Structures are given as structure tokens and as C-alpha cells.
Amino acid sequence: MLALPLADVNFVEATWIMVLKSVIIFAVIFGILPVLTVVERKLIGRFQHRYGPNRVGPFGILQPLADVGKLISKESFRPANAVSTLFILGPLLPVISGVLALAIIPWGDVQDGVGLYGIDVPIGILYFFAVGSIAFYGLVLGGWASGSKYSLLGAMRSAAQLISYEVAMGLALLGVVMMSGSLSLVDAVHAQGEVWFIVPQFVGFLIFMLAGFAETNRTPFDMPEADAELVQGFMTEYGGMRFGSFLLVEYMEILVVSGIAAAMFLGGWMGPGPSFLDPIWMLVKMLGLVFAFIWVRATLPRLRYDQLMSLGWKVLLPLATLNILVTAILVVVT
Amino acid sequence: MSTPAQNGENFDPKAVAYLSSADVVSVQRGPEPGGVGGAYRAFGETLRGLKTTMARLIEGPLTIEYPEEKTPVYPRFRGRHKLHKFEDTGLEKCVGCSLCAAACPADCIRVVAAENIPGDRVSAGERYAAVYEINLSRCIFCGYCEIACPFDAITMGHDYEMADYDRSNLIFTKEMLLAEPIERTPLKSEGE
């Protein structure tokens, strides 16, 4: 087998198993995404004393099919003064980044010689930050290349947003990394055998989730889209499936952030029952966090851009630093 | 130079002679935003908001799914008109007096009366309405016709689904007004 010295991995298996695992992860995640869209709309409805979509199919479960059918059948137009290659690249980069980030979410331990995760890279969390930030290139490039003032404003906002939450997000996870002694997500889950890290790292969890809302461009930090004042921001000039892929990516990022949070703070695949239930437990925890995303969206209004920046730099960053300091002292002392 | 009174800080009504103390309303201001306290309060308010929305989720939807479910109307709701017959004899109550047409502010009722033939009576009175038409595209559902009627022959029913694609279909004839409505409109129950 050709060994590429690209990166170290903690666990190596045959290539065909890797391919099979990727296919399964793809199938599961892309099966969940459309369901997630309709579940979100139905839940938002319930949060507002409404039913949400319930016309297409029984209980509205065929709504995503209708939505996707509509989006696919639409024309993929391009504004006259858009930069064509960058305009097309815009929606692709976030999709690539979201799919790449899926690889490190641990669905279970090594069972029968197969690790139930895409890949266990020893740099785990750094990989997540690296590929997660690529998504914002897509947003910024797409918004800039659209040749529209709304898109440009949305792109600027997403850049401003990125620099205000990313540092706090990294520092929030640093506490977990110090406690587990490894950057790998699998090791982080193993370290939570006795107590989930949400208990000692509660502040870190809150900061990570807050930054996660910003990472996924969700309310209350959806300023790059801001449908009220920026008519969907960087997505203004996109139509058809290009617009659809931006939407798709939003849900994929929610799943990724939920997966990282579940692995780092909620004990990952740990749960009662036999070991083949492990991926189910992971999925349950992820969906619980997705519910939190929807709950927050149903509750909070959109923050102003300077409010997010002052929250990120003046509240979250000092809090995360303090959290790390206390964690470091405790880790050294005990 | 700005005095404290002009700034609105430490406002002392006695310092301004022309204001009696009764005219001065004290304003309660919230805490200043920002800072650690501000962040703490914002966090608390966020939790309160989350609690509020969760309570709405638990209460469940209040939607009335209209085409399948109808909003119940009050007993005195003025909907589509009904013409009545005597229950025992089966004769029409309307005697063709045209008082309803006279009372109608929208001028949408047309009555043409005819004499009853003794062997083949239509109404209980001397005359009956040979033609009784209400143009529902003009009717304003004021209920004056039902007040004007001396025999309670016309009343306002509870039906409100009368939309049509053709205006001529909205001229309701006597037969349509005498017939029972195809779909019943639910009534609000006591205390609802």
C-alpha cells in the first residue's frame, strides 16, 4: 500500500474500510440534513404556537423534497458584474469545509478492528479549526464576487464575525485539551470515562456553544445573512442550487459544531447499553445540541455587529482565558 | 453652562420654581448597559427568554387549521341569510311585504310579491314572495333585514364561506335561501 507521509494518524486500517466508512458517514449525514430543515421549521413553528409546514406529505415530512425540487429546477443565474470563477467557488468552499470537518467526529471507539470515525488525526481540534475557517473564505469570496453592495456588506460582516469569535472558541476548547492531554477527539472522549467535561468545563462549554452560533451564522449571530437588513447578505445574488448549497452547509455546520461539542463536552459516544449503541448515543447527543441551536434561534433577536465584537473580545475572550488559567492550575495541582 | 437640571441628573423640582411637585414624574431608569454587570444581566435575560419560548413549545400550537377546521362563531354572528318556513304546516313565513328591501342600506334585496291561490298556498299570509333574491356581492351583513321583518321570515345565519368565481353566482334565490346550508358552521359554546 502506498503510504503517504501526509499526516500521522492514531489508528490505521485498510483502504477499503476507509472508503466504506466515508460512504456511510456521507449517507447518514446527508440523510439527516433534509430532515433537519423540516424539523427546524416545525420546531420554530411550535415555539411560536404554530404547526410549521404540514401540507406536503404526512406531517409535512416531504417538505424538503419539495424545497430541493424547487431549488434544482431554478435557473443558476449569475449577475452581469460578478466575477464568474469566484462566484461559483463561493458556495463550493463551505461545502468542502463542512464535509472535511465531518471526518473527525468520533461515532464510536475501535470495534472489531474498525474505528467508528472518519479518521483520528492527532491534531484533531486544530484540524477542525483549519477546515472550519475555510468556509468563511467561501462566504467572503462569494459575497465579494457577487458584485452587489448587500453581498459585500454580508461578506465584510462575516469576516468581522470570524475574527471576534474564533479566538474565544479555540481558547474554550483548550481547557478540554488540557484535561484530556491530547488534541484528538477520540482521546478526549476516552478521558471522559468518569465525568463528562461539561461539569468541570461548563464555562468552556457555554463559550464554545456561543462561538458555535457565530461559526454557523445562526441567530443571534446571523449578521452575515441578516435577511431583514441585508436581504440574506452574501447569499443575495445566489439562486437555485447554489443558494441551496449555502443553506445545506448551514445545517452541516450545525451538525459538525454539535458533534465537536458532544465529543468534547458531553462524553461523545459514552452511554448505557451495549457497544453497538455507541453511534446512536453520539447521534442523540448531537441532535440534542441541534435542538439547542433551534431553541436559541426561536428565542433571541439578531445582535448588532459591534455587539458581537464587544461580546467576543470583552466578555468571551477574558472569560475563556480565565477558564484556561483555572483549569491549568487545577490540572497541575491535582 | 449646563446645570444638573438641564442634564436630567439629580433633578430637583424645587429648584425650578414654576413646576409644582405634582407635575414632576419621577423616571425609573434601568442599569447602564455594558461592563461585567451588563453581561451578567444579559445572560440572565437570555435564560428568561429561553424559558419563555420553551413554555410556548410545551403549550403546543394554537392554530385553527382553517379549511379543515373552522373558527366557531358567536350565536349572534351575522352570516349568510336564511328564509324560514313554519315547521308544522311547511308554509313559508315570508309574505312578500318588501320591508326588508326597504330597510336594506345596500339595496341588495329584490322582492316581487304575488297573491296566494287558495288551493295551493305558498305562504301563511295573503301574498307570498314570488321572487326573493339577495345579491350577496353587495350585502354588507348589517342585519337590518332581519330587524325589519315582521314575521321573522328572514334571519342571518352563521355561514361565512360564500366566495365564488362568478358574481352572478352570488345572487341567492329564494330556493337557495330556504335550503339548509351545505356545511354547518360551528357555534361557540357557552363561555368560550
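Criteria and thresholds
Residues numbered from 1 in each chain as written. Chains lettered and ligands numbered in written order. Predicted model: local features only at pLDDT ≥ 70, side-chain atom pairs only at ≥ 80, totals over all residues. Helix = DSSP H or I, 4+ residues; strand = E, 2+ residues; numbered from the N terminus. Buried ≥ 20, exposed ≤ 12 C-beta atoms within 10 Å, placed from the backbone. Contact = placed C-beta atoms within 7 Å. Rg over C-alpha atoms; globule rule 2.2 N^0.38 Å. Nonpolar A, V, L, I, M, F, W, Y, C, P; charged D, E, K, R; others polar. pLDDT = per-residue confidence, 0-100. Axes fitted to C-alpha atoms, helices over the stretch in contact; angles between N-to-C directions. Parallel < 35°, antiparallel > 145°, perpendicular 65-115°, else oblique. Left-handed = near helix turned anticlockwise from the far one by under 90°. Expected span 1.5 Å × (residues − 1). Pairing = 2+ DSSP bridges. Core = buried A, V, L, I, M, F, W, Y, C linked by C-beta atoms within 7 Å.

Across its full length, chain B holds five helices and five strands. Evaluated residue by residue, chain B yields a buried proportion of 12% over its 192 residues. Within chain B, contacts between residues at least 6 apart in sequence are counted, and of these 67% link residues at least 24 apart.

Attention shifts here to the overall build of chain A. The helix and strand inventory of chain A stands at 11 helices and two strands. Its helices and strands taken in sequence order, chain A reads α-α-α-β-β-α-α-α-α-α-α-α-α from the N to the C terminus. Here chain A has a C-alpha radius of gyration of 20 Å; the compact-globule value for 334 residues is 20 Å, and the two agree. Dimensions of chain A along its principal axes, counting C-alpha atoms only, are 60 × 50 × 45 Å. Going through the 334 residues of chain A one by one, you find that 44% of them count as buried. Taking as baseline every contact in chain A between residues at least 6 positions apart, the subset at least 24 positions apart corresponds to 78%.

As a further point, take unusual backbone geometry. Residue and element names in this part refer to chain B. The residue Ser98 is not glycine, and still its phi comes out positive at about 65°. With respect to the helices and strands, Ser98 occurs in the loop between strand S1 (81–83) and helix H3 (99–103). One non-glycine residue, Asp107, lies in positive phi territory at about 55°. Mapped onto the elements of the fold, Asp107 is located in the loop between H3 and strand S2 (109–115).

The figure often quoted for interface size is the accessible area lost as the parts come together. Between chain A and chain B, the contact holds 11 residues from the first and 12 residues from the second. When contributions to the side of chain A that touches chain B are tallied by element, the ones reaching two or more residues are helix H1 (15–47) and helix H10 (278–299) of chain A. Broken down by element, the side of chain A that touches chain B gets its largest block of residues, three residues, from H10 of chain A. Partitioned by chemical class, the residues of the side of chain A that touches chain B number six nonpolar, three polar and two charged.

So, about the confidence of the model for chain B. Taken over all residues, the pLDDT of chain B has a mean of 81, while the share at 70 or more is 83%. This model gives residues 1–6 of chain B a pLDDT under 50, and the stretch forms seven contacts once residues within four places in sequence are excluded.

Before going further, it helps to spend a moment on the packing of H1 of chain A against H10 of chain A. All names here are of chain A. Where H1 meets H10, the axes come as close as 10 Å, and the angle between the chain directions of the two elements is 45°. Considered as vectors, H1 and H10 are oriented oblique to each other. Crossing hand, H1 versus H10: right-handed. The residues of H10 that touch H1, namely those facing Leu36, Glu40, Leu43, Ile44 and Phe47, are Val290, Ile294, Arg297 and Ala298. Its residues assigned to classes, the contact of H1 with H10 comprises seven nonpolar, no polar and two charged.

Given 3.6 residues per helical turn, the α-helix brings residues three or four places apart onto the same face. Between its first and last C-alpha, H10 of chain A extends 32 Å over 22 residues, near the 32 Å set by a 1.5 Å rise per residue. Along H10 of chain A, the residues that are buried comprise Asp278, Trp281, Met282, Lys285, Met286, Leu289, Val290, Phe293, Ile294, Val296, Ala298 and Thr299 of chain A. Check the buried side of H10 of chain A and you find it contacts H1, strand S1 (106–111), strand S2 (114–117), helix H7 (202–215) and helix H9 (240–265) of chain A together with helix H2 (35–59) of chain B.

So, on to the sheet that holds strand S5 (residues 171–172) of chain B. Residues and elements named next belong to chain B. Ordered in space as S2-S3-S5, the three strands form an open sheet in which the pairing is antiparallel. Since the sheet does not close on itself, it has two edges, and those belong to S2 and S5, each with one partner. Pairing analysis gives seven bridges linking S2 to strand S3 (residues 127–135), with the strands arranged antiparallel. Across the sheet, the residue bridging to Ile109 is Ile134, located in S3.

Counting residues in hydrophobic clusters, the biggest one holds 83 residues, and the most contacted among them are Ala168, Ala172, Leu173, Ala211, Ala261 and Met264 of chain A. Of the residues forming this core, the biggest block, 15 residues, is contributed by H9 of chain A. Excluding anything up to four places from it in sequence, Leu173 of chain A contacts Ile125, Gly204, Phe208 and Met264 of chain A. Within the second largest apolar cluster, 17 residues are counted, among which are Leu83, Cys94, Cys100 and Ile154 of chain B.

If you trace the backbone, Arg50 of chain A turns up in the loop between H1 and helix H2 (63–73). Sequence separation of Arg50 of chain A and Val231 of chain A is 181 residues, and the distance between their C-alpha atoms is 25 Å. With residues up to four places along the chain from it excluded, the contact list for Arg50 of chain A reads Gly45 of chain A together with Pro61 and Thr63 of chain B.

Turning our eyes to something else, we now look at H9 of chain A. The first and last C-alpha atoms of H9 of chain A sit 38 Å apart over 26 residues, in line with the 38 Å expected at 1.5 Å per residue. Of all 26 residues making up H9 of chain A, 21 are buried, and the element is well covered by its neighbours.

Our next topic: the environment of Val19 of chain A. Residue and element names in this part refer to chain A. With respect to the helices and strands, the residue Val19 is situated in helix H1. What makes Val19 exposed here is the crowd of 10 C-beta atoms within 10 Å. Distance from Val19 to Gly118, taken between C-alpha atoms, is 9.2 Å for residues 99 residues apart in sequence.

Any two packed helices are characterised by the angle at which their axes cross and by the distance between the axes. Residue and element names in this part refer to chain A. Direction vectors running N to C along helix H3 (residues 84–102) and helix H4 (residues 124–145) enclose 165°, while the axes themselves pass 7 Å from each other. With respect to H4, the axis of H3 lies roughly antiparallel. The way H3 lies across H4 gives a crossing that is left-handed. Residues that form the contact of H3 with H4 fall into these classes: 18 nonpolar, six polar and no charged.

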